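Now for the letters of each chain:
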Amino acid sequence: MLVILSGVAGAGKDTIIKEITKKMNNVCTVPAYTTREPRADDIPGVSYNFVTKKEFEELINNGDIYEYDIHHNNYYGTSKHLINEKAKNGIVIKDIDVNGTEKLKEVLRDMGIKVVTIFLRVPKHELQRRLENRIDKLSHEEIKLRLNRFDYEESKMDVYDYVMKNDNLEKALSIIQTIIEQEYKEETKEN
């Protein structure tokens, strides 16, 4: 089963994924491929698989990427091999943007992999505050880029199975954990 977590940059996706994988033994994550530069707290192969633009384009051309998009001038994409390997035998939780979510839902369901989608909402003023206060200090241009994408991402909420406000981390974690447990129970009943 694949659990897709989406929302605007700064909605808390990474934090939730880290906490859910700590709390739930049967849930793992798979790192996306990206061409962005690693940040100080990034662990290659854990946070992301960092590659050059040329290497990423080779992955695309070889059909090794399910979906990809360009955000903030960098490629981000989902590996076919990593998703297939992990999602068929357990629960994977993954941060994927709104465009990638639509494509993955279609492709993976055709392959018999259950896909559960969750969109995290954050009010725009709260998002701006979070972006301005990030530990990895974003430039004014990066903050503006992310805020400009807010309305587009919010317009795609109807694609998701669940939409929830993320204004309290513990509450959000509890809700997402319950969703995962319930959806997994239903999937194992069906199979």
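The structure presented is a predicted model; accordingly, all values stated were derived computationally and were not measured.

Conventions used here
Residues numbered from 1 in each chain as written. Predicted model: local features only at pLDDT ≥ 70, side-chain atom pairs only at ≥ 80, totals over all residues. Heavy atoms only, no water. Pairing = 2+ DSSP bridges. Helix = DSSP H or I, 4+ residues; strand = E, 2+ residues; numbered from the N terminus. Axes fitted to C-alpha atoms, helices over the stretch in contact; angles between N-to-C directions. Contact = heavy atoms within 4.5 Å. Buried < 20%, exposed > 50% of the residue type's maximum accessible area, 1.4 Å probe, protein only. Parallel < 35°, antiparallel > 145°, perpendicular 65-115°, else oblique. Left-handed = near helix turned anticlockwise from the far one by under 90°. Nonpolar A, V, L, I, M, F, W, Y, C, P; charged D, E, K, R; others polar. Core = buried A, V, L, I, M, F, W, Y, C linked by side-chain atoms within 4.5 Å. Phe/Tyr/Trp six-rings, centres within 6.5 Å; stacked < 30°, edge-to-face > 60°.

Participant: In this structure, what is going on with the sheet that holds strand 6 (residues 74-79)? I would like to understand it.
Facilitator: Where strands meet in a sheet, backbone hydrogen bonds hold them as pairs that are either parallel or antiparallel. Overall, mixed pairing links the 4 strands, which are arranged 4-3-6-5 in an open sheet. What marks the edges here is a single partner per strand, and that holds for strand 4 (48-50) and strand 5 (65-71). This sheet shows a mean twist of 25° between the axes of neighbouring strands, independent of strand direction. Bridging between strand 3 (residues 32-34) and strand 6 involves 2 bridges; their strand directions are antiparallel. Note that in strand 6 the partner of Tyr33 across the bridge is Gly77. Its contacts with the sheet put helix 2 (residues 53-61) on strand 3, strand 5 and strand 6, and the angle it makes with strand 6 is roughly 40°. Across the sheet, helix 4 (residues 98-110) lies against strand 5 and strand 6, angled at about 175° from strand 5, the strand it touches most.

Participant: Sorry, what's going on with the pairing of strand 5 here?
Facilitator: The two faces of a sheet get side chains in turn, since along a regular strand they alternate between them. Across the 7 residues of strand 5, 5 count as buried, placing the element largely inside the fold. Note: strand 5 against strand 6, 6 bridges, orientation antiparallel. From the neighbouring strand, His71 faces strand 6, where its bridge partner is Asn74. Where strand 5 folds back on strand 6, the antiparallel hairpin that results is connected by 2 residues, among which His72 adopts a positive phi of roughly 55°.

Participant: Could you clarify how one ought to interpret the packing of helix 5 (residues 124-132) against helix 6 (residues 140-148) in this entry?
Facilitator: Each packed pair of helices is defined by two parameters, the angle between the axes and the distance between the axes. In the contact formed by helix 5 and helix 6, the axes pass within 10 Å of each other and the chain directions differ by 155°. Taken together, the axes of helix 5 and helix 6 are roughly antiparallel relative to one another. Handedness of the helix 5/helix 6 crossing: right-handed. For the pair helix 5 and helix 6, contact is made by Lys124, Leu127, Gln128, Leu131 and Glu132 and by Ile143, Arg146 and Leu147, respectively. Here the contact of helix 5 with helix 6 is built from residues that sort into 4 nonpolar, 1 polar and 3 charged.

Participant: Whenever I open this one, the sheet that holds strand 7 (residues 91-95) confuses me. Can you help?
Facilitator: On the basis of which strands lie adjacent, the open sheet formed by 5 strands has the order 2-7-1-8-9 and parallel pairing. Edge strands, defined here as strands with exactly one partner in the open sheet, are strand 2 (27-28) and strand 9 (162-165). Here helix 3 (residues 80-87) sits on the sheet in contact with strand 1 (2-6), strand 2 and strand 7, set at roughly 145° to strand 7.

Participant: Would you mind showing me how to read the nonpolar core here?
Facilitator: Nonpolar side chains tend to gather and get buried jointly when the protein is soluble and globular. Counting residues in each nonpolar core, the largest one holds 28 residues, and the members touching the most others are Val3, Leu5, Ile16, Ile20, Ile93, Ile176 and Ile180. Going through the elements one at a time, strand 1, helix 1 (13-23), strand 7, strand 8 (115-121), helix 5, helix 6 and helix 8 (169-190) are the ones with two or more residues in this core. It is helix 8 that provides the largest number of residues to this core, a total of 5 residues. In terms of nonpolar packing, the next biggest core, distinct from the first, is built from 19 residues, Val30, Tyr33, Ile65 and Leu82 among them.

Participant: What is the right way to read the packing of aromatic side chains from this model?
Facilitator: Where two aromatic rings form a pair, the distance of their centres and the angle of their planes describe that pair. Here the structure, examined in full by the defined rule, presents 6 aromatic pairs. Look at Phe56 and Tyr68: their rings are 6.1 Å apart centre to centre, the planes differ by 70°, and that puts the pair in the edge-to-face class. A residue pair is termed long-range when its members are at least 10 positions apart, and Phe56 in helix 2 and Tyr68 in strand 5 qualify at 12 residues. Plain terms: the ring middles of Phe56 and Tyr75 are 4.7 Å apart, the flat faces sit at 10° to each other, and that makes the pair stacked. Here Phe56, found in helix 2, pairs with Tyr75, found in strand 6; they are 19 residues apart in sequence, far enough to count as distant. In this structure an aromatic cluster arises from ring pairing among Tyr48, Phe50 and Tyr76.

Participant: Is there a simple way to explain the packing of helix 1 against helix 8 in this structure?
Facilitator: Interhelical geometry of helix 1 versus helix 8 gives an angle of 60° and a closest axis separation of 10 Å. Looking at the two axes, helix 1 sits oblique to helix 8. Classified by chirality, the crossing of helix 8 by helix 1 is right-handed. Packed against helix 1, whose contacting residues are Thr15, Ile16, Glu19, Ile20 and Lys23, the element helix 8 presents Leu169, Glu170, Ala172, Leu173, Ile176, Gln177 and Ile180 at the interface. Split by residue class, the contact of helix 1 with helix 8 holds 7 nonpolar, 2 polar and 3 charged.

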